[in-house]
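Spelled out, the chains give:
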Amino acid sequence: MSDTSSAKPQSQSMWGGRFSAKPADIMQAINVSIGVDKRLWAQDLAGSRAHCRMLAKQGIIQQADADAILGGLDVIEGEIKDGTFPFRDAYEDIHMNVEARLSELIGEPSGRLHTARSRNDQVATDFRLWVRDAADRTIEQLKDLQRALLDRAEQHAGDLMPGFTHLQTAQPVTLGHHLMAYVEMFGRDASRFADARKRMNENPLGAAALAGSPFPIDRHATAEALGFDRPMGNSLDAVSDRDFALESLAAASIAAGHLSRLAEEIVVWMTPMFGFITLPDDLTTGSSIMPQKRNPDAAELVRAKTGRINGALIALTTVMKGLPLAYSKDMQEDKPPVFEAFDALDLAITSMTAMISAFRPNTEKMAAAAGAGFSTATDLADWLVRELNLPFRQAHHVTGAAVKRAEQLGLDLGQLPIEELKSLDERIHEGVYAVLTPQASCASRQSYGGTAPDQVRARIADWRQRL
């Protein structure tokens, strides 16, 4: 195909027939969006191809014109991939940039592509396709993170560590059990994106500006061509809906919160006071003044990305909250927060996957901490209920007294002499010591979803099958 770039573009303003003066500089500055929405180029070309083929099939445009348009779109795709496409602020957005370049390439037939569509349904389609692609990519990234967690959980299904409530030692758990909690969280995150994807998978194209089209278009054909389940059922809703973006940002915000919680634990676990794990040199940084430092900057930055992602959700919610039907130019501000949020989420998940795969646990220190802080106190109470038939509240009181006495003597519960225990209830016997070790405590938690190593391995196997 020859490049007829010397052909006169239709107009630098696609609505030039109505206006006698070009936009003021400030109007151009506030109105232009090509710097942001050029990221939609692949979706824009896909939507244009589907629309063009439908127009030709329906006899709305001639096949020869359709062939010229499709050929021109192929050239534009090649230029964009090669980095030679002339993105120009004068044409405002990705849609007008493509249309203007198509006019330069093929001349008059380019003007037929916009038959029976508007930039309103065009951008709604492009953006929906982009968010759908982002959701698919995020789901796969979350699954990769889950697989990394599963691998580490399997390695450490029986390795003890303290379980915390209020960041105070509560009961012994295993490192594998702790990591599996995040497998569950990220599984819910992936399911939220999958649910959002189902609802967003309807096609706005063909709604035109807001009222539909008088041309005999086939919206089901374009929906099928673009991988949508069906066309959207109301033209006003089709061009004005951004629920798909809001719902995806909400899912991203919850996922970012989970990433931030795990990042916080990595930061805490790396402190010398805990000393539970280390990260390799290539995932940490040093200090410009303190040579001993190994800073968990990657984890800290994952933690910080949550603010940007949450901010994106608030930003778009605020943009959309007061808009009447149908399209308003406010909605040009929908893409920056979505792009920024998914960029941040992409980087956070990838970074977290790397850290989970590479961290080295200090299992001896974790195990020692698992037995500290009277972590087997609940096991003593449970033993009193099982063996002596005490009501739990009474067993709780006896155990509290035992903890107090052990604290006075500077001993762990498992070191408390039997005479001290018998002074609290004379029926207590030597068998009690069998439950007062962290290993016994973990092994006894055989309820579904508990921390017993067998239960942890069962959940690992279940998740491997699901993934």
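This structure is a prediction, so every number in the text was calculated from the model and none was measured.

Calculation notes
Residues numbered from 1 in each chain as written. Predicted model: local features only at pLDDT ≥ 70, side-chain atom pairs only at ≥ 80, totals over all residues. Heavy atoms only, no water. Salt bridge = Lys/Arg side-chain N within 4 Å of Asp/Glu carboxyl O. Helix = DSSP H or I, 4+ residues; strand = E, 2+ residues; numbered from the N terminus. Pairing = 2+ DSSP bridges. Expected span 1.5 Å × (residues − 1). Buried < 20%, exposed > 50% of the residue type's maximum accessible area, 1.4 Å probe, protein only. Polar contact = N/O pair within 3.5 Å; in protein donor to acceptor, adjacent residues only side chain to side chain. Axes fitted to C-alpha atoms, helices over the stretch in contact; angles between N-to-C directions. Parallel < 35°, antiparallel > 145°, perpendicular 65-115°, else oblique. Left-handed = near helix turned anticlockwise from the far one by under 90°. Contact = heavy atoms within 4.5 Å. Nonpolar A, V, L, I, M, F, W, Y, C, P; charged D, E, K, R; others polar. Core = buried A, V, L, I, M, F, W, Y, C linked by side-chain atoms within 4.5 Å. pLDDT = per-residue confidence, 0-100.

**Structural notes on the pattern of salt bridges**
If the charged atoms of two oppositely charged side chains come close together, the side chains can form a pair. Applying the stated criterion across every chain yields a total of 34 salt bridges. Of the charged contacts in the structure, one is a salt bridge between arginine 192 and aspartate 189, with a shortest N-O distance of 3.0 Å. Taken together, the residues arginine 192 and aspartate 189, both in helix 7 (residues 175–200) and three residues apart, mark about one turn of the helix.

**Some remarks on the pairing of strand 2 (residues 168–174)**
Side chains on a regular strand alternate between the two faces of the sheet. For strand 1 (residues 160–165) and strand 2, the ladder comprises six bridges, and the chain directions are antiparallel. The residue bridging phenylalanine 164 from the neighbouring strand is threonine 169, located in strand 2. In textbook terms, the turn of a hairpin is the stretch between consecutive antiparallel strands, and for strand 1 and strand 2 this stretch comprises two residues, one of which, histidine 166, has a positive phi near 60 degrees.

**Things to note about helix 6 (residues 119–155)**
With 37 residues, helix 6 should reach 54 Å at 1.5 Å per residue; the first-to-last C-alpha distance of 54 Å fits that figure. Helix 6 sits mainly inside the fold: 26 of its 37 residues count as buried. Sitting at the amino-terminal end of helix 6 is serine 118, which places a side-chain oxygen 3.0 Å from the backbone nitrogen of asparagine 120.

**Considerations on the packing of helix 3 (residues 41–57) against helix 5 (residues 94–106)**
Where helix 3 meets helix 5, the closest approach of the two axes is 10 Å, and the angle between their N-to-C directions is 60 degrees. It follows that helix 3 is oblique to helix 5 by the angle criterion. When you trace helix 3 past helix 5, the crossing you get is right-handed. Contact residues: helix 3 offers Trp41, Asp44 and Leu45, while helix 5 offers Ile94, His95 and Val98. Considering only residue class, the contact of helix 3 with helix 5 consists of four nonpolar, one polar and one charged.

**Brief notes about the packing of helix 10 (residues 243–270) against helix 12 (residues 335–358)**
Where helix 10 meets helix 12, the axes come as close as 10 Å, and the angle between the chain directions of the two elements is 30 degrees. In terms of axis orientation, helix 10 runs roughly parallel to helix 12. In the crossing of helix 10 with helix 12, the sense of the turn from one axis to the other is left-handed. Along its contact with helix 10, which presents Ala245, Ser248, Leu249, Ala252, Ala255, Ala256, Leu259, Leu262, Ala263 and Ile266, the element helix 12 presents Pro337, Val338, Ala341, Phe342, Leu345, Ala348, Ile349, Met352, Met355 and Ile356. In the contact of helix 10 with helix 12, the residues fall into 19 nonpolar, one polar and no charged.

**Here we look at helix 4 (residues 63–82)**
Given 3.6 residues per helical turn, the α-helix brings residues three or four places apart onto the same face. With 20 residues, helix 4 should reach 28 Å at 1.5 Å per residue; the first-to-last C-alpha distance of 29 Å fits that figure. Among all positions of helix 4, only Asp65, Ala66, Ile69, Leu70, Gly71, Gly72, Leu73, Ile76, Glu77, Glu79 and Ile80 are buried. Immediately beyond the C-terminal end of helix 4, within one or two residues, lies glycine 83, with a positive phi of roughly 80 degrees.

**Here's the deal with the nonpolar core**
In this structure, Ile76, Leu149, Phe193, Leu259, Val338 and Met352 are the most contacted members of the largest nonpolar core, which totals 95 residues. Ranked by the residues each element gives to this core, the list is headed by helix 10, at 16 residues. Every residue in contact with phenylalanine 193, bar those within four places of it in the chain, is listed here: Ala135, Thr138, Ile139, Leu142, Ser248, Ala251, Ala252, Ala255, Phe342 and Leu345. In terms of nonpolar packing, the next biggest core, distinct from the first, is built from 21 residues, Phe374, Trp383, Ala406 and Ile428 among them.

**Describing the confidence of the model for the protein**
In the predicted model, the protein carries a mean pLDDT of 92, and 93% of its residues have values of at least 70. In the model, residues 1–12 has pLDDT below 50 throughout and makes 30 contacts with residues more than four positions away in sequence or in other chains.

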